[in-house]
Amino acid sequence: MTDTITETSATDVEAAIAAKADRARTASRVLAQANRDHKDRALGAIGEKLDSNRAAILEGNKKDLERGEANGTSQALLDRLRLDDARIDGLISALEDLAGLPDPVGEVLRGQTLPNGLRLRQVHVPLGVVGAIYEARPNVTVDIAGIALKSGNAVLLRGGSAAEESNKVLIGLIREALEGVGLPADSVQGIDELGRPGATALMGARGKVDVLVPRGGRNLIQAVVKNASVPVIETGEGNVHIFLDQSATEELAVPIVVNAKTHRTSVCNAAETLLVHKDSAVAREVLTKLSDAGVRLHVDERAAELAAGLNTVPATDEDWATEYLDMDIAVAVVDSLDAAMDHIRQYSSGHTEAILTNDLARSERFVREIDSAAVIVNASTRFTDGGQLGLGAEVGISTQKMHARGPMGLRELTTTKWIIQGDGQIRP
């Protein structure tokens, strides 16, 4: 098994990661020079490989699912792990969407001619070699590979033992597709065969890997943030809030809240806490529809009165900071918009917050004062997603305040370069 490599082989693992990173660096130089047409043809070739090899993909995924069930993996993680024809269709569609997007490489951010005649341009350029560590999400393998390819980067992927068979098939198909269009297969490499020591070595490959993106649960993300010497773009867990304002109607609130919680519970943009204004006339109906859909309501004392007779348990202090990733939601009654925003500031993970309201002034205050990567007015939190926001796909959703915040698409995998052109100028 991939995670049984002993500590005595750490030096060999580090050497293997260094060798993969060197091959990725060489590949990245080719990708950085590839034009849009070449990269888009590669994306199309990957989609064709996925389409024509569905049986092999699903067979590998079946092995992962069976092993996960035998090991007692939670239903939430099994849902993330599962591939089917519809999800493969989604991966192919995301690749097509990426091919339809502008190429960010070479895009000019700003430029000017100085009084001394120097001509300046600041342009987007690839990061180079990108590492990604994630868990039980084979769809992420394709998403990250596609975004990296279009933005001119090579990638090293650690998808974890839970999705080992799925990722082995997917990465093999991607590499075949790249070779088929004349791009280096080493533009996309997996490191799962090196196990957890491989992930540790990847985190320490400073100078070999330009940036590392962790994507998964809180424990995985924090382990990477705390232990990596490679620069990290931190993605975050989704303790996502919805505030139900007293002005929101039943027609507005019920479908949005139910969709945000139940559409797919195992993802980071699913709602985890519902804050209800004390004067809401539709709160009971919203809670009833959630309960009818199979959601367990973790209620404070006032919410318990609203939810009498429904599927409830008393909320604890831990509930307000919990990302359930399941059919559970924390519910609190608040006295005002200010109280709701105070609660969000205390417990938010900085991912996504939403307000449901028909009061323009309150919606504007919420948008202005809530400091999260995404703030939504009168729509489901499930829209915080690269594909849904027109980015084609996403590497992850960044909750930090660096150059990348929110869903990370093509531009977020680029940095910038200053190009300074002169005619013999010297500095006085």
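About the cut-offs
- Residues numbered from 1 in each chain as written.
- Predicted model: local features only at pLDDT ≥ 70, side-chain atom pairs only at ≥ 80, totals over all residues.
- Heavy atoms only, no water.
- UniProt positions renumbered as here; feature names shortened; annotations may be inferred.
- Pairing = 2+ DSSP bridges.
- Helix = DSSP H or I, 4+ residues; strand = E, 2+ residues; numbered from the N terminus.
- Axes fitted to C-alpha atoms, helices over the stretch in contact; angles between N-to-C directions.
- Contact = heavy atoms within 4.5 Å.
- Core = buried A, V, L, I, M, F, W, Y, C linked by side-chain atoms within 4.5 Å.
- Buried < 20%, exposed > 50% of the residue type's maximum accessible area, 1.4 Å probe, protein only.
- Salt bridge = Lys/Arg side-chain N within 4 Å of Asp/Glu carboxyl O.
- Lys, Arg positive; Asp, Glu negative; His and termini not counted.
- Parallel < 35°, antiparallel > 145°, perpendicular 65-115°, else oblique.
- Left-handed = near helix turned anticlockwise from the far one by under 90°.
- Expected span 1.5 Å × (residues − 1).
- Polar contact = N/O pair within 3.5 Å; in protein donor to acceptor, adjacent residues only side chain to side chain.

Looking at an unreviewed UniProt entry, one finds the protein named Gamma-glutamyl phosphate reductase and attributed to Zhihengliuella salsuginis. What UniProt records for the protein under Pathway (unreviewed entry) is the sentence "Amino-acid biosynthesis; L-proline biosynthesis; L-glutamate 5-semialdehyde from L-glutamate: step 2/2." In the Subcellular location (unreviewed entry) part of its UniProt record, the protein is described as follows: "Cytoplasm".

Ordered by their spatial adjacency, four strands build an open sheet running β5-β4-β3-β6, and the pairing between neighbours is parallel. The open sheet has two edge strands with one neighbour each: β5 (188-190) and β6 (211-215). On average, adjacent strands in this sheet sit at an angle of 20° to one another, irrespective of strand direction. As paired strands, strand β3 (residues 129-134) and strand β4 (residues 154-158) are joined by five bridges and run parallel to one another. Residue Ile133 lies in a different strand from β4, and its bridge partner there is Arg158. Across the sheet, helix α1 (residues 10-33) touches β3, β4 and β5, and the angle it forms with β4 is around 145°. This element, helix α9 (residues 218-227), spans β3 and β6 of the sheet and lies at about 160° to β6.

This part takes up the nonpolar core. Ranked by internal contacts, the top residues of the largest apolar core, which has 48 residues, are Leu50, Ile144, Leu149, Leu157, Leu183 and Val188. Those elements that place two or more of their residues in this core are α2 (36-52), α5 (85-99), β3, α6 (138-150), β4, α7 (164-180) and β6. Here Leu149 is in contact with Leu31, Lys39, Ala42, Leu43, Ile46, Leu178 and Leu183, once residues within four sequence places are set aside. Among the nonpolar cores identified, the runner-up in size contains 30 residues, and Ile242, Val257, Ala260 and Ile376 belong to it.

The next thing to look at is the sheet that holds strand β16 (residues 414-421). Within a sheet, each strand pairs with its neighbour through backbone hydrogen bonds, oriented either parallel or antiparallel. The strand order β1-β2-β16 describes an open sheet built from three strands, whose pairing is antiparallel. The open sheet has two free edges, formed respectively by β1 (108-113) and β16, since each of these has just one partner strand. Taking each pair of neighbouring strands and ignoring which way they run, the sheet shows an average axis angle of 20°. Here β1 pairs with strand β2 (residues 119-126) via five bridges, running antiparallel. Bridge assignment links Arg110 to a residue of β2, and that residue is Gln122.

What follows covers the pairing of strand β9 (residues 296-299). As judged from the four bridges shared by β9 and strand β11 (residues 328-334), these two strands associate in the parallel manner. Within β11, the position partnered with Leu297 by the bridge is Ile329. In this sheet, strand β10 (residues 312-314) lies alongside β9 in parallel orientation, the contact comprising three bridges. Across the sheet, residue His298 finds its bridge partner in β10, namely Val313.

So, about the pattern of salt bridges. Using the criterion set out here, one finds 34 salt bridges in the structure. Note that Glu165 is salt-bridged to Lys168, the shortest N-O span being 3.9 Å. Taken together, the positions of Glu165 and Lys168, both in helix α7 and three residues apart, correspond to about one turn of that helix. Taking relative accessible area as the criterion, Lys168 reaches 52% and is therefore assigned exposed. In this structure, the salt-bridge partner of Arg345 is Asp342, at a minimum N-O distance of 3.0 Å. Placement of the pair is Arg345 and Asp342 together in helix α13 (residues 337-347), with a separation of three residues, close to one helical turn. We classify Arg345 as partly exposed; its relative accessible area is 45%. With a relative accessible area of 46%, Asp342 lands in the partly exposed category.

Residue position: Arg382 is located in the loop between β13 (374-377) and β14 (397-398). Of the side chains bearing the opposite charge, Asp385 lies closest to the buried Arg382, which forms no salt bridge; the N-O distance is 5.5 Å.

The next point concerns the packing of α6 against α7. Across the interface, α6 lies against α7 with an axial gap of 9 Å and an inter-helix angle of 25°. Considering their axes alone, α6 and α7 lie roughly parallel with respect to each other. Note on packing geometry: the crossing formed by α6 with α7 is right-handed. Where α6 approaches α7, its residues Pro138, Thr141, Val142, Ala145 and Leu149 are matched on the opposing element by Ser166, Asn167, Leu170, Ile171, Ile174 and Leu178.

Below, the discussion takes up α2. Given a rise of 1.5 Å per residue, 17 residues ought to cover 24 Å, and the 24 Å separating the end C-alpha atoms of α2 matches this to within 8%. Along α2, the positions that sit buried rather than exposed are His38, Lys39, Asp40, Ala42, Leu43, Ala45, Ile46, Gly47 and Leu50. Residues of α2 that are buried make contact with α1, α3 (54-70), α5, α6 and α7. The N-capping residue of α2, defined by a side-chain oxygen 3.3 Å from the backbone nitrogen of Asp37, is Asn35.

In this section: the environment of Val125. Summarising the element assignment, Val125 is placed in strand β2. Taking the C-alpha atoms as reference, Val125 lies 46 Å from Glu251; in sequence the two are 126 residues apart. Once you skip the residues sitting within four places of it in the chain, Val125 turns out to touch Thr414, Thr415, Thr416 and Lys417.

Before going further, it helps to spend a moment on unusual backbone geometry. One non-glycine residue, Leu325, adopts positive backbone phi at about 55°. Positionally, Leu325 belongs in the loop between β10 and β11. According to the relative accessible area criterion, Leu325 is buried, its value standing at 13%. Of note in this structure, Asn378 is not a glycine but carries a positive phi near 55°. Mapped onto the elements, Asn378 comes out in the loop between β13 and β14. Residue classification places Asn378 among the partly exposed positions, given a relative accessible area of 27%.

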